[in-house]
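Residues per chain, in single letters:
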Amino acid sequence: MTTDYKPAIHFNHVDYSIDGNKILRGITGSFPEGKITTLVGPSGAGKTTLLKLCNGLLSPESGEIYIKDKGIDSFEPVELRRKVGIALQSAPMVSGTVYKNLALPVELRGEKYDKKEAESLLRDVGLDEKFLDRKVTDLSGGQQQKVSIARTLVNKPEILLLDEITSSLDRTSLKEMEELITLINRKYGTTIIWITHNLQQALDIGDYTWVMMDGEVVETGESKLLRSPANDRVKSFVQGGAQ
Amino acid sequence: MTYLTLSITLIFVVIPLVLSKTLNLGLERDTIIATVRSIIQLLLVGFILKFVFDSESLLYIFLMVTLMIVAATHNARNKGASIKGITWKVAVTLIFVEVLTQGILIGLNITPPTAQYIISISGMVIGNSMVLSILFLNRFTAEVESHQDETELVLSLGGTPKQAIHTQLINSIKASMIPTIESQKTVGLVQLPGMMSGQIIAGADPIQAVQFQLLIMFLLLTTAAVTSVMLGFLSYPTLFNQRMQLIQKS
Ligand SMILES: Nc1ncnc2c1ncn2[C@@H]1O[C@H](COP(=O)(O)OP(=O)(O)OP(=O)(O)O)[C@@H](O)[C@H]1O
Ligand SMILES: [Mg+2]
């Protein structure tokens, strides 16, 4: 990428393995501050793993990661994870009500979460406030995804990592979610890294895009690269459509 | 009971053998092994106990209790093979429970500090503590495995390892203690506790046997609670590393 920007997160020759299997190889590159970067690639490419490295749920085997020019290990894990929030791919729920899930980030700090705030957040992600006292087990997959993203927003992270947050949403909800995330990006200057299998989405909402395959970053640039990729493997991936 | 009458009791072994044979249950071999083992093991223990009781030597008492703890640790630790350093964690728990209970019993003059009391009570306490350890470890490893997503979720929102594992830990502690509590609710209604029956048969006053049984049951409540809580708090940190990450296992 030749564009001039400040990196919110920078990777320098990062490797990651589990039990001797290389999951990520030689990851180098930056996620620009205040921008939306979409992350695409086939299943098993290592996208989720890369995201978890960004907020310290995992640590690299070798190489360095910088958050706003500071080595990632110089942050306290708790502080880092509040600063760099993630909405996990599986949208896990703690058992109980929607309110309990939304209050979780606040209660982990030993504070109480205001119901009014929870209600307004719920409306932001497109759920009626009457859902607040519903059991999460009674929600659909798409509704759980909305709760999951709302819960991540509670910590007001400076960097927002989104792992497939629209995979179970209908078209209308998907558009609403895209608008909400774009709004957060514009309004608060939040840096966003968004994994999606939906290439149209990656193109529509992304300022920049990373394409990953087999644990490597094969192409990066402005999101329009998806229209005419330079790399042959990326070309065939893009032509194969969203998978 | 003479050895002659004891050998007549083998009739109670012959009945299941005959049943197994005629119904093709295929349990003859195991029944015979179980019978032979119980005869040898118990007689051996009997002679050792007699020797230790007669000698009244503190060293022998200490050795007996140590042996119990070693055997119990060995049995329980396999259930927590995935937890690092589980052997010493179980051992420390068993030792703590033993010292705590004997300390209270002897310190408050509840039972006399004789081999007879120390060894029989230690056997029950350590045996129960072992069973509790196994129940706890079984449940805890299963809980951790099936709720990994939630653990990761709490960590990802800025929770500490303790917060991330809290629900699983509490559930496991509770689940492992329930059998002890439940069995005390019905005690005496359906069957008399083995120890109490033994005392009554041996000629003890039933009221005294009941008093002693109550003591043991209360003791086992403490044993259950302390074992699960202590093992729980010793075990959970090994699931995480310095950077508050769940240690990845294959
Ligand atoms: N805990 C783990 N143990 C073993 N292998 C793992 C583990 N986590 C991830 N992997 C492997 O690492 C590779 C990358 O996984 P990752 O979840 O990062 O892929 P992904 O790009 O997010 O895929 P998807 O689009 O399907 O979510 C996969 O081959 C996966 O099997
Ligand atoms: Mg993934």
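Quantities reported herein were computed from a predicted structural model and do not represent experimental measurements.

Basis of the calculations
Residues numbered from 1 in each chain as written. Chains lettered and ligands numbered in written order. Predicted model: local features only at pLDDT ≥ 70, side-chain atom pairs only at ≥ 80, totals over all residues. Heavy atoms only, no water. Donors = N, O, S within 2.8 Å, 3.2 Å for Na, K, Ca; no water. Helix = DSSP H or I, 4+ residues; strand = E, 2+ residues; numbered from the N terminus. Buried < 20%, exposed > 50% of the residue type's maximum accessible area, 1.4 Å probe, protein only. Phe/Tyr/Trp six-rings, centres within 6.5 Å; stacked < 30°, edge-to-face > 60°. Lys NZ or Arg CZ within 6 Å of the ring centre and 35° of its normal. Pairing = 2+ DSSP bridges. Axes fitted to C-alpha atoms, helices over the stretch in contact; angles between N-to-C directions. Contact = heavy atoms within 4.5 Å. Domains from an automatic or database assignment. Buried area = accessible area lost by both parts, 1.4 Å probe. Salt bridge = Lys/Arg side-chain N within 4 Å of Asp/Glu carboxyl O. Nonpolar A, V, L, I, M, F, W, Y, C, P; charged D, E, K, R; others polar.

1. Let's talk about the coordination of the magnesium ion (ligand 2)
All names here are of chain A.
1) Next: Every protein donor of the magnesium ion (ligand 2) is listed here as Thr48 (OG1) and Gln89 (OE1), and their distances to the metal cover 1.9 to 2.3 Å. Note that threonine 48 is positioned in helix 1 (residues 47-54) and glutamine 89 in the loop between strand 6 (84-87) and helix 3 (98-107), a separation of 41 residues in sequence.
2) Next: You can call threonine 48 partly exposed: its relative accessible area is 23%.

2. Observations concerning the packing of aromatic side chains
All names here are of chain A.
1) Next: For the structure on display, the rule yields 8 aromatic pairs over all chains.
2) Next: Each ring, one from phenylalanine 31 and one from tryptophan 210, has its centre 4.1 Å from the other, and the planes form 15°; the classification is stacked. Taken together, the positions of phenylalanine 31 in strand 2 (residues 21-32) and tryptophan 210 in strand 9 (residues 208-213) put the pair 179 residues apart, joining distant regions of the chain. Residues phenylalanine 31 and tryptophan 210 agree in their burial class; the two are buried.
3) Next: Through a chain of ring-to-ring contacts, three or more aromatic side chains come together here, namely Phe11, Phe31 and Trp210.
4) Next: Between lysine 70 and the ring centre of phenylalanine 75, over which it is positioned, the NZ or CZ distance is 4.7 Å.
5) Next: The cationic tip of arginine 134 hangs over the ring face of phenylalanine 131; the distance from NZ or CZ to the ring centre is 4.7 Å.

3. Here we look at the sheet that holds strand 8 (residues 191-195) of chain A
Residue and element names in this part refer to chain A.
1) Next: Strand order in this open sheet of 6 strands is 6-7-8-3-9-10, and the pairing throughout is mixed. Here the strands that pair on one side only, and so sit at the sheet edges, are strand 6 and strand 10 (216-222). Here the average twist between neighbouring strands, direction ignored, is 15°.
2) Next: Both strand 3 (residues 36-40) and strand 9 contribute to a ladder of 4 bridges, which runs parallel. Following the sheet pairing, threonine 37 is matched in strand 9 by tyrosine 208.
3) Next: Across the sheet, helix 5 (residues 141-154) touches strand 6 and strand 7 (159-163), and the angle it forms with strand 6 is around 170°.
4) Next: Across the face of the sheet, helix 6 (residues 171-188) comes into contact with strand 3, strand 7 and strand 8 while running at roughly 155° to strand 8.

4. Quick notes on the domain arrangement of chain B
Residue and element names in this part refer to chain B.
1) Next: When the domains of chain B are assigned, the result is domain 1 (1-55) and domain 2 (57-239).
2) Next: Using C-alpha coordinates to define each centre, domain 1 is positioned 28 Å away from domain 2.
3) Next: Taken residue by residue, the interface counts 6 residues in domain 1 and 7 residues in domain 2.
4) Next: Here domain 1 packs against domain 2, burying approximately 550 Å² in sum over the two surfaces, 82% of which is carbon and sulfur.
5) Next: Counting the surface domain 1 buries against domain 2, the share from its top three residues, Val52, Phe53 and Ser55, is 68%.
6) Next: Taken together, the connections running from domain 1 to domain 2 amount to 0 salt bridges.
7) Next: Each residue belonging to the side of domain 1 that touches domain 2 can be placed in one class, and the counts come to 5 nonpolar, 1 polar and no charged.

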